[in-house]
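Coordinates in review
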Amino acid sequence: MALFGFVNRLLMHAKEATISSKVFNRRLTESTCKLNTPNRYEAKNKSFLMEETQEHLNKRFDGVEISKEYVDCRPRYPSTIFQTVLNFVNTSSTKDSASKKHSLAVDIGCGPGLMSTAYLAPYFDRVLGVDVSESQIEQASLNNKHTNIEYRVSKAESLPVENNSVTLIQAAAALHWLDHERFYKECDRVLVPGGVIAAFCYTVEGHSVIDHSKATEMTEVLTEIRKKVTSAENIYYIPRQKLVKERYTDPCIQIPYADRERVDTEYMTIATTVSGLFRFYKSLSHVKPFIESCNENSEWWNACIQKLMEVYGTNDLEAPITHKMEVFLLLGRKPNNS
């Protein structure tokens, strides 16, 4: 009898495991569909795996070393990008007539604060930079030279601000990492009527070296790198990163307001060194783990550095080099009658 009960318990556990496996696989399939189909927001049972996946992805950006790499390696957006955003904000007439500034801006995925958050300080009474990474927020606080900027650890989908209190929500190189449906719902909660969402990003598609007699040949090396690190052999390059490759044209990522614009005429030019160029590339979340995953990839990476230097005609990693990347923007305005 005891043996019979033991066997029954085994069968019951096996059945529960099978059910759990089926539930997980179903949710995994639904999540994968959501990342690859335009109508993903209509999918059911969304939250379970999305939260798990999001927590895992957040680890890509956390760590003291990563935060310092962002400070040292990531390019600053040109002022023309922010002026385009501010021009769109200013047409909303949300500014207090007694003030020369708007009230509150929130910068999503602010990182160390130097690439996008700090630029907003002169134009808003308060600026809040948020990031899921504690180390990025610690670095941002160390870098902060503005009394009206505060940095806090927070998810973009659950912001620590009141309803109808924010004039601008800015997401620089961050939108593709978010749960878009939940993020846009949160934006609608916190934005004032006429408030603006501005999401922009740069892409290494079409990434080129400029202002050098061997610019074309060096660009070919960058193209080789881009193709390999975004190929199927790189398991660290995941579907949501293709949203950047597609320049935020996927229907799933569009700002859900009728009053919206897209800007594709901006570029950023970065004057750096050969070392700086490769450190920038390596700071991309899908590149460093790929390079470090095996000796073959590490050797390939070093060969690319050597190839570019040979084309350049230098043995100096600190030789100056200028490269150029496209920047694209999505702008959207909450209705004034909301």
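You'll find the structure just up there.
Scope of this entry: the structure provided in the associated data block. (Residues numbered from 1 in each chain as written. Predicted model: local features only at pLDDT ≥ 70, side-chain atom pairs only at ≥ 80, totals over all residues. Heavy atoms only, no water.)

In this section: the overall build of the protein. From N to C terminus, the protein includes 11 helices and seven strands. Counting the 338 residues in the protein, one finds 49% classified as buried. Residue pairs at least 24 apart in sequence account for 76% of intrachain contacts in the protein once pairs closer than 6 positions are excluded. When the accessible area of the protein is evaluated, it comes to approximately 16,800 Å², of which 53% is carbon and sulfur surface. (Helix = DSSP H or I, 4+ residues; strand = E, 2+ residues; numbered from the N terminus. Buried < 20%, exposed > 50% of the residue type's maximum accessible area, 1.4 Å probe, protein only. Contact = heavy atoms within 4.5 Å. Areas by Shrake-Rupley, 256 points an atom, 1.4 Å probe, with all protein chains shown as cover.)

Here the focus is the packing of aromatic side chains. Under the defined criterion, the tally for this structure stands at 13 aromatic pairs. Between Tyr248 and Phe328, the ring centres sit 4.9 Å apart and the planes meet at 80°, which makes this aromatic pair edge-to-face. Here Tyr248 is found in the loop between α8 (242–245) and β6 (259–273), whereas its partner Phe328 is found in strand β7 (residues 320–333), with 80 residues between them in sequence. In this pair, the class of Tyr248 matches that of Phe328, namely buried. Considering the side-chain rings of Trp300 and Trp301, the 6.2 Å spacing of their centres and the 55° angle between planes classify their relative orientation as tilted. Residue classification places Trp300 among the buried residues on the basis of a relative accessible area of 14%. Counting every residue linked through ring pairs, the aromatic cluster contains Tyr77, Phe82, Tyr119, Tyr123, Phe200, Tyr202, Phe280 and Tyr281. Taking the ring centre of Tyr267 as reference, the NZ or CZ of Lys324 above it sits at 4.8 Å. The cationic tip of Arg333 hangs over the ring face of Phe88; the distance from NZ or CZ to the ring centre is 4.0 Å. (Phe/Tyr/Trp six-rings, centres within 6.5 Å; stacked < 30°, edge-to-face > 60°. Lys NZ or Arg CZ within 6 Å of the ring centre and 35° of its normal.)

Helix length check: helix α7 (residues 215–229) (15 residues) gives 21 Å between terminal C-alpha atoms against 21 Å at 1.5 Å per residue, within 8%. Among the residues of α7, those classed as buried are Ala215, Met218, Thr219, Val221, Leu222, Ile225, Arg226 and Val229. Buried residues of α7, seen end-on, are gathered within an arc of 150° and therefore sit on one face of the element. Exposed residues lying more than 90 degrees from the buried face of α7 are Thr216, Glu220 and Lys227. On the buried face of α7, the contacting elements are β5 (191–210), α9 (274–283), α10 (288–291), α11 (295–312) and β7. (Expected span 1.5 Å × (residues − 1). Arc of directions from axis to C-beta.)

Okay, the pairing of β7 next. Counting buried positions along β7 yields 12 of 14 residues, so the element is predominantly enclosed. Judged from the 11 bridges that link them, β5 and β7 form a sheet pairing that is antiparallel. Considered in β7, the bridge of Val196 is made with Arg333. Bridge analysis of β6 against β7 gives 13 bridges, and the strand direction is antiparallel. Paired with Val263 across the strands is Leu329, a residue of β7. (Pairing = 2+ DSSP bridges.)

Across soluble globular proteins, nonpolar side chains show a tendency to be buried alongside one another. With 56 residues, the main nonpolar core has Tyr77, Leu168, Phe200, Ile225, Trp301 and Leu308 as its most contacted residues. For this core, the element with the highest residue contribution is α11, accounting for seven residues. For Tyr77, the residues in contact, after removing those within four places along its chain, are Phe82, Met115, Ala172, Ala173, Phe200, Cys201, Tyr202, Met268 and Val327. Core analysis: the next-biggest nonpolar cluster, separate from the first, contains 31 residues, Leu128, Leu175, Tyr248 and Tyr257 among them. (Core = buried A, V, L, I, M, F, W, Y, C linked by side-chain atoms within 4.5 Å.)

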